[in-house]
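Chain by chain, the residues run as shown.
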Amino acid sequence: MYRNGHYGAALLAVAPIGAVLTAAGLFELAVAAGVTAVALAVVPDLDQRVPGIAHRGPTHTVWFALMIGVITSVATVAVAIAGPVVSAVTGFVVGTGTIGSHIAADALTPAGIRPWRPVNDTHYSLDLVKAKNAFANYVLLGLGIAGAALAAWVGSTVATF
C-alpha cells in the first residue's frame, strides 16, 4: 500500500486503544497515540531509502514491529503523559500495532509479506489490490479516519457515565 493507506491502517490499529484511553480520562495520551501511529505508519518503507536493504525485508517483520514497540514504550515513558506503567504499555502497543498494521496492509497486495523472516520464510498475500491502487488506499484512509472518530465518540461517551 501507499502512504495514505498506511495512515488509515495505523489509525484503525490504534482506534481501540484511543477509545479505552479516552474512556479512562486519558484524552491527551489517546491523542498522542493517534499522532504517534500516523508518524510511525510509513517507517517500514524507509527501507527503500537504505542501500542494501530489500523492500519488504527486515523492516516488514514481526521482529521489527516489536523493536519499534520497545523504542516507542521508552519514549512514551520519557514524555510521561500518564503514569510510567500506563505510558509504557500504551507506547509498546501503539508502536508494535502501528508497524503490524503496516505489515497487514502490505499483505493485501500481490507482493505480500514475509513477517516471520528469518525464522520462517512463508509468504503471505491476500492478493486483493495492487499497492498503487489509489481507490484502495483512500478507502483504507477513510476507514482509519472513521475508526478514529468512532473511537473518540465511544470513549468520550463511556467517560461521561
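Note: the structure precedes this text.
Conventions and cut-offs
Residues numbered from 1 in each chain as written. Predicted model: local features only at pLDDT ≥ 70, side-chain atom pairs only at ≥ 80, totals over all residues. Heavy atoms only, no water. Axes fitted to C-alpha atoms, helices over the stretch in contact; angles between N-to-C directions. Helix = DSSP H or I, 4+ residues; strand = E, 2+ residues; numbered from the N terminus. Parallel < 35°, antiparallel > 145°, perpendicular 65-115°, else oblique. Left-handed = near helix turned anticlockwise from the far one by under 90°. Contact = heavy atoms within 4.5 Å. Phe/Tyr/Trp six-rings, centres within 6.5 Å; stacked < 30°, edge-to-face > 60°. Buried < 20%, exposed > 50% of the residue type's maximum accessible area, 1.4 Å probe, protein only. Nonpolar A, V, L, I, M, F, W, Y, C, P; charged D, E, K, R; others polar.

(A) Main features of the packing of helix α3 (residues 62-79) against helix α4 (residues 84-106). Put simply, α3 and α4 touch, their axes get as near as 7 Å, and they point 150° apart. Classified by the angle their axes make, α3 and α4 are roughly antiparallel. Between α3 and α4 lies a crossing whose hand is right-handed. Between α3 and α4, the contacting residues are Val62, Phe64, Ala65, Leu66, Ile68, Gly69, Val70, Thr72, Ser73, Thr76 and Val77 on the first element and Pro84, Ser87, Ala88, Gly91, Phe92, Gly95, Thr96, Ile99, Gly100 and Ile103 on the second.

(B) Summary view of the packing of aromatic side chains. For the structure shown, the criterion picks out 1 aromatic pair. When the ring of tryptophan 63 is compared with that of tryptophan 116, the centres are 5.8 Å apart and the planes differ by 70°; the resulting orientation is edge-to-face. Taken as a pair, tryptophan 63 in helix α3 and tryptophan 116 in the loop between α4 and α5 (134-159) lie far apart in primary sequence, 53 residues in all. Residue tryptophan 63 is classed as partly exposed on the basis of its relative accessible area, which comes to 37%.

(C) Spotlight on the side chain of threonine 22. Position of threonine 22 among the secondary structure elements: in helix α1 (residues 3-23). Other than its neighbours up to four places away in sequence, threonine 22 contacts Phe27, Ala30, Ala152, Gly155, Ser156 and Ala159.

(D) Seen up close, the packing of α1 against helix α2 (residues 27-40). Running from amino to carboxyl end, α1 crosses α2 at an angle of 170°, the nearest separation of the two axes being 9 Å. By the criterion of interaxial angle, the relationship of α1 to α2 is roughly antiparallel. Mapping the contact onto sequence places Tyr7, Ala10, Leu11, Val14, Gly18, Leu21 and Thr22 in α1 and Phe27, Leu29, Ala30, Ala33, Gly34, Ala37 and Val38 in α2. Here the residues of the contact of α1 with α2 are counted per class, giving 11 nonpolar, 3 polar and no charged.

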